[in-house]
Structures are given as C-alpha cells and as structure tokens.
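Observations on chain architecture
Each chain is listed here by its residues.
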Amino acid sequence: MDQGRISAGQLTLLVMSFTIGSWIVLPTGLQSGQNIWLIILFGLGGGMFFACLGLLLYRRFPGKNLFEIHELVFGPVIGKFFSLLYLWFFLQTGGGTLGVFVTMLKSTVFTATPDLALLVPWVIIVIYGCRRGIEVIARSNQPLILATVGLILISILLVLNIFEADNLLPFLDKPFSRIAWDALGVAVFPFGQGVIFMMILPRVNRQQKVAGAVFGGLIGAGLVLMIIQSLAVGVLGKVAEVLVFPTYEFYRIIDIAQVLTRLELIPLLNFLTMGFIKIMLCLYALAFGTAQLFNLRTYRPLAIPIGVLLLVVARRIFPSVSEHMRYFEEVQPYYGLFFCLVLPLITLGTALLRGRARREMAP
Amino acid sequence: MIVLMILIFLLLFLWEAPGLMAQEYWRELAVFTILLIVGLVLSLLLLTGVKLPYIESFWLNLFEKIV
Amino acid sequence: MADDRRKNRIFRGSLGLLLLSLVLSGGCWDRRELETLAVVTGMGLNYAAQGDGYEVAFQIVRAAQLQSASGGAGGGGELKPVWILRSTGPTVFEAVRNATFQSSRRLFLSHNQVLIISEAVAKGGLLPALEFFVRDHEPRNTQWLLLTPDEPVEILDAAAGLERVSALAIVDLMKQYQLTSKIKPVYLADYIKTRIEKTTANTLPIIRIYETAGKKELLLDGTAILKEDRLVGFLDHKETRGLLWVLGEVRGGVITVDLPGGGKATFEIFDAIPKVKVEFKEGRVQVKIEIKERAGLGAQTTYADLSTPEQFKKLENLQTKAIEDEIRAALAKAKAYKADIFGFGEYLYKHDHRTWQRLQKEWERYFVDAQVEIKIEAMVEELGLVTRPATYRELRK
C-alpha cells in the first residue's frame with residue numbers, strides 16, 4: 001500500500017482544496033440570496049461538527065483509516081458492508097464533481113467540444129496522480145491552492161468599483177426554516193464530504209496535529225467561499241439567484257478602465273484546479289479503499305479501472321443542470337447526512353459500547 | 001466503435017497485467033480484471049445507447065416515493 | 001541518500017502532474033480565427049413586420065476598412081466600415097442564427113456593445129426579447145441598453161459623428177454621461193437586476209435620429225420609464241437628473257439658475273452625495289432625501305459681482321431650489337406613472353423587510369401616497385479664473 005507521508009500543513013491545504021472543489025462554481029443554497037455568507041458560516045459550523053465526530057472516532061483508533069475502523073468495530077462482514085456504502089459515496093462524489101466539471105465547461109467556453117474529449121484527458125491525469133500516491137497529490141496541490149486563494153484575494157480589488165454592499169441587505173429576510181435547510185445543505189456539501197479524509201488521516205506524519213489541520217482547512221475553505229460568494233452577491237445583487245454559475249458571471253462584469261475585462265478565466269481556473277484535486281482525492285480513496293476491502297497488497301493497479309468507472313458515473317450522474325440543482329435542493333441534505341452523521345454516529349456508538357464491554361470483561 | 005472500445009480496454013489490461021503477474025500479485029490481478037470488466041460492460045452499454053438510470057434522478061425518484 | 005532520491009521522485013512526479021494537466025486540459029472544438037468571424041458591435045431589436053417574431057439588426061465591423069486611412073483615393077469601391085444586416089425569426093436566438101443566410105461568417109456576439117430596442121418591443125415586454133442575451137454564453141451582461149422611437153436599424157446605420165462605427169460612438173456617449181448627468185446609462189445587467197426587484201421600475205435612455213446637413217445623426221433624448229417590463233412613460237433631461245440626484249449618480253454637469261435681479265448664472269457640479277431614508281409611519285411612506293452638493297460658478301450673464309460671501313449664500317440657496325425643483329419634477333412624473341424608479345421600495349426591503357413584506361402587494365398605492373422630504377445642502381466653492389465680470393469698479397474708500 002501507499003507508504004507516502006504528508007505533513008499536517010499539506011493536509012490543511014488538501015482539506016481546503018477538497019472543500020472548495022466544485023462548490024465554488026455551482027453553489028447550493030442560492031435561494032438565500034444575500035444571506036449566502038451566513039449560510040456558509042452555519043454550514044461551516046455543521047461541517048466542523050461532522051469533523052469532530054470523525055476525529056473522535058479517529059482518536060479511538062489512531063493510525064487506522066475509516067475502513068480499518070469499520071472492521072475493528074463491526075467485524076469483517078458488517079464492517080465491509082459499511083465500507084462498501086462509503087465506496088459508493090466516494091464514487092458518487094467524484095463522479096458528480098466530474099459531471100459538474102463537464103457541464104460547466106460545456107455551457108461556458110467549450111460549447112462545441114464533445115463530453116468525452118473533456119473527460120478522457122482529465123481522467124487520465126487523475127489516474128496518473130492517484131497512482132503516484134498521496135505525497136504527489138499533496139505536493140501538486142500546494143501551488144494550485146495558493147493560486148486559487150491568491151486569485152480570489154485579487155478579485156476583491158478587481159470588484160471594488162462595482163461592489164455594492166447594499167446588495168447584502170436585508171439581513172435574514174427568509175423564514176428560519178429556509179435558512180436552516182440551506183445551511184444543512186452547505187454543511188453536508190461541501191463541508192461534510194470531507195469524511196473522505198478519514199481515509200487519509202493515517203498518512204499524516206505528525207499525528208498529534210491532525211485535528212488542528214482538519215479544522216484549519218475547513219475554516220480556510222469556509223472563508224474563501226464566503227468571500228467569493230459575498231463578492232458575487234454584492235456585484236450581481238438579486239441576479240445571482242437566477243444564474244446557474246454566479247461566480248463565473250460576476251467576473252464577466254468586471255471592467256476596470258477597459259483594460260481588465262473579461263476575466264472569466266479566473267473562476268474557470270479556480271474550479272479546474274480545485275475540482276482536479278477533489279476528483280483525484282476521491283479516486284485515491286476509492287482505489288485505496290477497494291484494495292483494503294479485498295486485502296490487496298497494493299492499490300495502484302485499481303486506479304485505472306476505477307477511473308473508468310468514475311468516467312461512466314460522470315456520464316450518468318444527472319441529465320441536466322436543473323435536475324442536479326433539484327437533487328441538491330431536495331435529496332442531498334438527507335443523503336449527505338446519512339454518510340457524515342448517521343454512519344459515523346453508529347460506528348462511534350458501537351465502538352464505545354464494545355469498548356466498555358471489553359473493559360468489563362477484563363479484570 | 002464497439003471493437004475500438006474493447007481494444008482500448010484490452011490495452012489497459014495489457015498495460016497493467018504483466019507487472020502484476022511478474023510479482024505474482026494474483027489477488028490484485030483478479031480484482032483489477034473484474035473491475036475492468038465491469039467498466040467495459042458499462043461503457044459498452046453507454047455506447048450502444050442503453051438507458052442506464054441517472055444516479056441523481058434515481059435518488060430523486062426514490063426519495064419522492066418515500067415521502 | 002535513499003531519502004533524497006525519493007524526494008526527488010516525488011518532486012518530479014508532482015511537476016509532471018502539473019505539466020500534464022496543462023497539456024491535456026484543452027480541446028477547443030469550436031475554435032474560430034478572427035478572419036472567419038463577423039464581429040458584431042451593435043444590435044437592434046424590433047418586432048418582425050410580418051407574423052409574430054423578432055427582427056434583429058446587426059452592425060458588423062469590417063476590420064480591414066477600419067484600419068485603412070479614411071477617405072483615401074486609392075482602392076476602387078471604398079466600403080463603409082460597418083455592414084448592416086437584418087434577419088427575422090420567431091425568437092431572438094433563431095433570428096441571430098438566421099443571419100447566417102446572409103453572412104458568410106458566423107456572427108460573434110461577445111464583443112457586442114449596445115442593444116437598441118424599438119419602442120414597440122418595449123411596449124410589448126422587454127424580458128422575452130432580452131432573455132437570450134443573458135442565457136447565451138457569448139453576449140456579455142455589460143452591453144448598453146437603449147430605447148429608440150425610430151427603427152433600430154437606422155440608429156445602427158446612422159452617421160456616427162467623429163467615429164466610424166455608430167455603436168462605439170454610443171458607448172462613448174454613455175460613458176461621458178457625467179458631463180451633464182442628464183442621461184442614465186443602463187447595462188443589461190442593471191436592467192435584469194432591477195427587473196428581479198419586485199417594486200422598482202426600470203429606466204432606459206432614449207436615442208433617436210435627427211437630420212442635420214443632409215446626414216442622419218444620433219441624439220440622446222431623455223429617459224423612458226418601464227414598469228414591469230413595459231414602456232409606460234418618459235422623463236425629459238431635467239427630470240432624468242432629478243432621478244440621478246436621488247440615485248447618487250450625478251457626477252458632474254451644469255445647473256443654471258435665474259438671478260433675482262435678472263440674468264442667469266450657470267454652475268458646474270463637482271459632486272453630489274445623497275442620503276435616502278425610507279420609513280413607514282402613520283400609515284404613510286415617509287421618504288427623507290438629503291443631498292450634499294458642491295459646485296463652482298461657471299458662467300454668469302449679468303454685470304453684478306457675484307463673488308462676495310453674501311452673494312455666495314444667495315447663490316447656494318438658488319441652487320438648492322433648482323435641485324429640489326428637478327427632484328420634485330422627477331417625483332411628480334414617477335408618481336403620475338405610478339412607477340417607483342427611485343427604488344424607495346427596494347430601500348425599504350433592504351432595511352426593513354418586514355414592513356416591506358406588508359406593503360409590497362400595494363406598493364403602487366403607497367408610492368403615490370408617499371411623503372417626500374427633500375433637504376439640500378449646496379456649496380459654491382470655486383469661481384473659475386476671474387473674480388467678477390470685467391467691469392470698472394470704483395475703489396472702496
């Protein structure tokens with residue numbers, strides 16, 4: 001298996017990239033309009049709670065990844081069944097990101113390019129990165145996340161002349177249930193999907209820094225997303241509610257002295273790089289997890305067939321953007337909650353009970 | 001097209017398999033082959049226009065039935 | 001040693017990964033070179049003469065003609081720098097595609113600058129016509145929208161004064177609006193944004209043709225009010241500035257007042273900062289508008305010396321009245337059309353959404369009934385280069 005080690009700092013950056021991922025262009029919770037920053041804040045809180053749960057579990061079984069924990073807690077049969085569920089979750093997450101990636105490119109710049117011409121090269125790179133191991137993924141992530149954060153910070157300066165703080169008012173004009181629902185949506189996607197890092201935590205070289213690194217990454221990503229969405233709403237106002245890709249659209253309005261115009265490449269670049277890392281991590285977790293499921297000695301040969309599966313899933317994830325958005329509005333909160341709250345809770349509960357039972361058995 | 005697709009998958013197989021066999025990683029080879037065949041079958045189904053369900057639509061429908 | 005080699009491998013791996021992602025993440029299937037494109041700079045929207053559909057007019061630049069020195073004797077037929085094209089279709093999108101029946105090159109809309117809309121379309125509802133420009137990936141949201149009582153085609157074909165392309169001339173007209181502040185330029189994005197707001201009415205600048213010395217020239221002529229997407233009325237230049245005072249978009253311009261002893265004085269506006277407050281009290285909407293304006297004396301048509309402090313005070317008061325006049329005029333028109341062009345409703349929504357929730361269904365009624373209090377603080381700060389008109393004055397003892 002992968003002997004690679006990453007540092008706590010690299011883990012932080014990975015968590016950031018993964019969380020920014022595809023959400024940056026196709027955000028959920030836009031119904032909340034000008035309160036989107038608040039939604040993200042609440043979502044971040046929810047995400048931190050899920051992370052706490054995962055880290056508690058990890059503290060009980062230090063050095064073990066999620067699938068190993070499953071087998072330790074439930075025994076081989078039920079444990080493998082739980083792991084299988086998570087494999088499906090990773091597959092859908094990765095395939096969904098890949099699907100959004102194609103949709104985004106097709107409806108903005110590469111309108112006439114066939115899907116496969118975009119997908120196949122992408123999957124090839126992702127497979128290559130996955131086979132190289134977590135160290136290479138973490139390392140190639142460093143310049144990409146730096147570029148993304150840098151570009152977003154620069155964007156603040158770029159929109160100064162068209163940003164209207166007024167657009168962020170009124171504060172909380174929607175009923176609380178609406179806000180809570182949207183916040184839950186954001187909590188499970190993108191923050192909650194970080195449950196995938198349960199597969200990667202044992203690879204960190206200084207174990208005592210793991211918790212801090214994860215929380216740091218989540219907070220960093222939350223800040224970045226808050227900035228970019230607030231900018232979008234501040235520039236576009238209510239128009240942001242009818243756009244499919246608001247972050248993409250607001251860069252198109254930027255016009256500084258007719259010199260700095262047509263900067264839509266910035267959000268595309270951000271999405272491409274962050275989505276790239278996200279898909280790669282999904283593939284890594286999938287290949288690694290599958291290898292563990294079958295007690296294999298190496299995960300590397302699995303990267304290719306699972307990459308192909310990701311490609312197939314990406315082709316059959318959603319028939320249209322509107323369906324995708326409806327899915328995120330109606331089903332995703334429950335679906336995500338199952339994987340980042342219910343399953344970890346069951347595992348943690350069982351682990352605690354069994355732990356107590358074992359202690360009582362022992363003298 | 002179908003032939004081409006099978007050829008591509010064969011190529012993928014030949015790319016990976018010899019190394020595994022040389023190291024006598026039989027279990028790995030088996031899992032690899034099974035997954036590759038699943039991929040091939042799904043790809044062929046997509047290629048021939050069989051209407052595989054859309055994953056998110058599937059969840060949506062299921063969810064609507066439950067509620 | 002071994003560790004070094006491993007590090008090196010990782011470094012090369014990640015570098016290769018980055019490079020690979022650069023090389024492979026491409027594949028532009030609809031790549032088009034400049035010489036195969038027809039770059040559209042201006043478009044006109046009208047209803048089709050026959051049947052129900054749209055007629056779209058295009059202004060396409062001939063790049064080669066733009067570069068060649070104007071009016072040279074060389075070359076046989078000197079072509080106009082723009083090519084005007086018209087096509088019809090049941091929707092705007094189809095009309096755009098139908099243009100390829102006539103154009104040898106595919107129309108490229110990303111560089112379109114202005115959308116000229118006919119009055120007929122504005123009366124029938126604008127959004128169905130504009131929808132395509134927001135939905136399609138090529139046109140930008142930063143196109144200027146203008147309304148015309150004439151045929152949009154004529155505007156695109158008109159002589160453009162000093163410019164060679166009328167659409168670009170219109171862009172410059174929009175951008176220098178602050179020289180008078182009597183025009184309200186509107187982006188497509190602005191229109192859409194206001195359209196989504198429930199209570200706010202839209203405005204569009206009006207452009208029309210006038211003939212001078214046998215040539216058709218362009219003229220900006222007031223502002224149109226669109227309520228719920230439909231044309232309902234007009235503002236003249238004075239009323240337009242009345243609107244801009246409140247919106248805080250007066251960035252310059254001149255203002256002329258009648259002096260009490262006969263004659264006139266014209267001031268140049270430096271800037272104006274408004275503060276608007278909308279409240280709901282005693283069953284009425286109460287609007288408080290406060291404006292701080294700074295100006296300088298630009299010209300006078302009397303022999304009197306206006307440069308004394310006492311005169312300044314008087315001039316400031318006169319200006320205050322003139323500005324209030326403009327605002328009241330705009331307000332009266334807006335109330336007559338029951339159109340909230342000032343966005344008072346939106347202000348209320350942003351600062352007190354619960355009250356707005358209650359009023360929004362009958363906002364028209366509340367808007368017409370609104371009590372508006374205007375407070376203006378005008379400052380005359382500069383004299384220009386002379387103190388008083390060049391008349392002889394006795395020395396003071």
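Data block above holds the structure.
Everything numeric in this text was worked out from a predicted model, so none of it was measured. (Residues numbered from 1 in each chain as written. Chains lettered and ligands numbered in written order. Predicted model: local features only at pLDDT ≥ 70, side-chain atom pairs only at ≥ 80, totals over all residues. Heavy atoms only, no water.)

**Remarks on the interface of chain B and chain A**
Counting residues at the interface gives 30 residues for chain B and 32 residues for chain A. Of the roughly 2900 Å² buried between chain B and chain A on both sides combined, carbon and sulfur atoms contribute 70%. Area buried by chain B at its contact with chain A is led by B:Y54, B:E56 and B:L60, which between them contribute 23% of it. Close ionic contact of A:R297 with B:E28 constitutes a salt bridge, the shortest N to O distance being 3.4 Å. Only α1 (2–22), α2 (26–47) and α3 (55–66) of chain B provide two or more residues apiece to the side of chain B that touches chain A. The residue makeup of the side of chain B that touches chain A, split by class, is 20 nonpolar, 3 polar and 7 charged. (Contact = heavy atoms within 4.5 Å. Buried area = accessible area lost by both parts, 1.4 Å probe. Salt bridge = Lys/Arg side-chain N within 4 Å of Asp/Glu carboxyl O. Helix = DSSP H or I, 4+ residues; strand = E, 2+ residues; numbered from the N terminus. Nonpolar A, V, L, I, M, F, W, Y, C, P; charged D, E, K, R; others polar.)

**Considerations on the packing of aromatic side chains**
Following the criterion strictly, the structure yields 35 aromatic pairs over all chains and no others. Taken together, a centroid distance of 5.4 Å and an interplanar angle of 70° make the contact between A:Y335 and A:F339 edge-to-face. Taken together, the residues span about one helical turn, with A:Y335 and A:F339 both in helix α13 (residues 332–361) at a distance of 4 residues. The class for A:Y335 is buried, based on a relative accessible area of 9%. Geometrically, the ring pair formed by C:F280 and C:Y366 is edge-to-face, given 5.6 Å between the ring centres and 80° between the ring planes. Taken as a pair, C:F280 in strand β11 (residues 264–281) and C:Y366 in helix α13 (residues 363–369) lie far apart in primary sequence, 86 residues in all. A relative accessible area of 14% means that C:Y366 is categorised as buried. (Phe/Tyr/Trp six-rings, centres within 6.5 Å; stacked < 30°, edge-to-face > 60°. Buried < 20%, exposed > 50% of the residue type's maximum accessible area, 1.4 Å probe, protein only.)

**Some points on the arrangement of the chains**
Of all 2 pairs of chains in contact, the one with the most contacts involves chains A and C. Structurally, chain B and chain C remain out of contact, their C-alpha atoms never closer than 19 Å.

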